[in-house]
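Spelled out, the chains give:
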Number of protein chains: 2
Amino acid sequence: MSLSRVGLIGFGTVGAAVYELIETNLWEAFEVTKVAVGNPNKARSAAIGDLLCDANELVRSSEVDVVVEVMGGESPALELIKTALTAGKRVVTANKELIAKHYDALMEFGGDLRYEAAVGAGIPVIQVLKTLARTNRIQSIQGILNGTTNYILSEMEARQAELAPILRESQELGYAEADPTSDIEGFDSMYKIAILGAIASGEQLDLTQIHREGIQEMSLQRVQEAAEHGKRLKLVATWSRESGARVVPQALPMDHPLARVDGVLNAVKIEGDFMPSLTLMGTGAGGRATASAICGDLVASAPSTMSS
Amino acid sequence: MSLSRVGLIGFGTVGAAVYELIETNLWEAFEVTKVAVGNPNKARSAAIGDLLCDANELVRSSEVDVVVEVMGGESPALELIKTALTAGKRVVTANKELIAKHYDALMEFGGDLRYEAAVGAGIPVIQVLKTLARTNRIQSIQGILNGTTNYILSEMEARQAELAPILRESQELGYAEADPTSDIEGFDSMYKIAILGAIASGEQLDLTQIHREGIQEMSLQRVQEAAEHGKRLKLVATWSRESGARVVPQALPMDHPLARVDGVLNAVKIEGDFMPSLTLMGTGAGGRATASAICGDLVASAPSTMSS
């Protein structure tokens, strides 16, 4: 098997974990040869010091066979990915916003682009949904797709606290971003359900048509009232063939498969016409779980018998 | 895309559902051209009357590109599958006993052999575990892999009844076989965990070394005692890198991810060194769910862009 040379765009929590996973478990098949970072002046692991290069250079480099994009955001990620694909490189990305907003264009662009880590971190929901959608007419998808809001809702109930102090603490612990808008207001969940809906239906969803409510107005009182009725509040992202996608906090009865998905866990339930119900649950955030999905894509894209 | 011609060995609940799924959702890519049944004198659907042929003829037929084996059992399934593979045909099987007992030989035999439906019916645990095992060192696997025993244990608790009457009723309803030994005594779960353990470790497990206890001695009293301690009895199949495989009834605390997997649902929890926890849960029995997995293999094996 020939060694694939990996160019890594982004070296935060996820990028560093991808590097570690390759070094630990995939060193026989992959080697990181280039790393592009947002701010090269920041202290970086000594191991990658020699690999640093500009992202525009990386996606054109003759020393890179496959590009891993974990910088996030729409721009310049989109142009970098297109340039890499045009140069004949395989591309693996965890960028949910990019895939959700440019699904049709990227699918039509051609080339080997994979994005398992864009939804549910280490939960292989993209792979599973694609397989299922080839044989089943997918009827509906329902998921808890954002670990930050799920952690906050879990902690509000467990500790009988309001949202503001839990959010502040989550930010201090690194569970929530300094600017938590994307998570708290449901954008992150919206991008993810839009990707799943696109796979299930075969075409990009119009994000402006997705009803989206976040948990920014969630009160302890509402959490308590749900608990009194034997229910648990969750930020649920839903897609159905009839009604399209939406993101709304819902009080789920305790026997619902998603009701007991607590903390930073993610889960997604899929219903097809032949497979009545399939639920996937697991670590939905964090560097190592996300790296696991990214490296699964790396291996699947490798031109060797390894992916059989 | 060229049409793949399917030869179906077995036309019971699963075989008939495979036929229906192909006719409903996959008619553009697949066509059933031959069907072999155990007893051709039994009344069969008029639609397949013209397709009937002998199984030995089917696996050699020039009108068959891919063989689906859903007859079950070790012999003659093994010889039929080897003959089909030797003839250059792709093979899809749901035969857990066969894969568990001949894993190494079949992997070494070469050719395109797939067996997603052998474990967990419609739950794509084989696909997911293979992907995960390529990037993670799998540490442990824990599952409820037999729908019949799980249904019986669920009903014993829900209806406060002993095993014997529930088993008798299950047989009348078609949930349990006339000879329930394989399910009740844990053979079915043992074959399934042996397959998962083989994928995780890369080599066949010695079935004679697997500790196996079934639920044949299970009493309502034991179910009640577990419930009094806030636990639920399940027939749990386990594999770990250190301790190998075993099948044992266990009293699980209610916050365990497998405790609330009731009725004919199956579930499996996988732990890797990078992906800490991944649980798959879904319909683990029945013709349509099993057909969903078999047809997923059919599509994946098809020599076309459909599988990309």
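Not measured: the values here are computed from a predicted model.

*Asks:* Sorry if this is basic, but what is going on with the domain arrangement of chain A here?
*Replies:* Bring the parts together and some accessible area is lost; that lost area is often taken as the interface size. All names here are of chain A. Looking at the assigned domains, one finds that chain A contains domain 1 (4-121 + 288-307) and domain 2 (125-282). Using C-alpha coordinates to define each centre, domain 1 is positioned 26 Å away from domain 2. Every contact between the two is made by 14 residues of domain 1 and, on the other side, 17 residues of domain 2. Our enumeration of links across domain 1 and domain 2 arrives at 1 salt bridge. Across the pair Asp 188 and Lys 96 runs a salt bridge whose closest N-O atoms are separated by 3.5 Å. Of all the elements, helix α4 (residues 96-101) adds the most residues to the side of domain 1 that touches domain 2, at 5 residues. Here the residues of the side of domain 1 that touches domain 2 are counted per class, giving 7 nonpolar, 2 polar and 5 charged.

*Asks:* In this structure, what is going on with helix α12 (residues 287-301) of chain A? I would like to understand it.
*Replies:* Given 3.6 residues to a turn, an α-helix orients residues that are three or four positions apart in the same direction. In this model α12 of chain A runs 21 Å from its N-terminal to its C-terminal C-alpha over 15 residues, within 8% of the 21 Å that 1.5 Å per residue would give. Counting buried residues in α12 of chain A gives 13 out of 15 residues, a clear majority hidden from the surface.

*Asks:* Even after reading the chapter, I still don't get the interface of chain B and chain A, so can you show me in this structure?
*Replies:* At the junction of the two partners, chain B supplies 39 residues and chain A supplies 39 residues. It is Arg 134, Thr 135 and Phe 274 of chain B in chain B that bury the most area against chain A; as a group they hold 24% of the surface buried on that side. There are 0 salt bridges connecting chain B and chain A. At the junction of chain B with chain A, the criterion picks out 14 residue pairs in polar contact (both at pLDDT 80 or more). For the side of chain B that touches chain A, the secondary structure elements donating two or more residues are α1 (13-25), α6 (125-135), β11 (278-283) and α12 (287-301) of chain B. Looking at the side of chain B that touches chain A, its residues break down into 18 nonpolar, 15 polar and 6 charged. The pairing of strand β11 (residues 278-283) of chain A with β11 of chain B spans 5 bridges and is antiparallel. Considered in β11 of chain B, the bridge of Leu 280 of chain A is made with Leu 280 of chain B.

Conventions we followed
Residues numbered from 1 in each chain as written. Chains lettered and ligands numbered in written order. Predicted model: local features only at pLDDT ≥ 70, side-chain atom pairs only at ≥ 80, totals over all residues. Heavy atoms only, no water. Domains from an automatic or database assignment. Contact = heavy atoms within 4.5 Å. Salt bridge = Lys/Arg side-chain N within 4 Å of Asp/Glu carboxyl O. Helix = DSSP H or I, 4+ residues; strand = E, 2+ residues; numbered from the N terminus. Nonpolar A, V, L, I, M, F, W, Y, C, P; charged D, E, K, R; others polar. Expected span 1.5 Å × (residues − 1). Buried < 20%, exposed > 50% of the residue type's maximum accessible area, 1.4 Å probe, protein only. Buried area = accessible area lost by both parts, 1.4 Å probe. Polar contact = N/O pair within 3.5 Å; in protein donor to acceptor, adjacent residues only side chain to side chain. Pairing = 2+ DSSP bridges.

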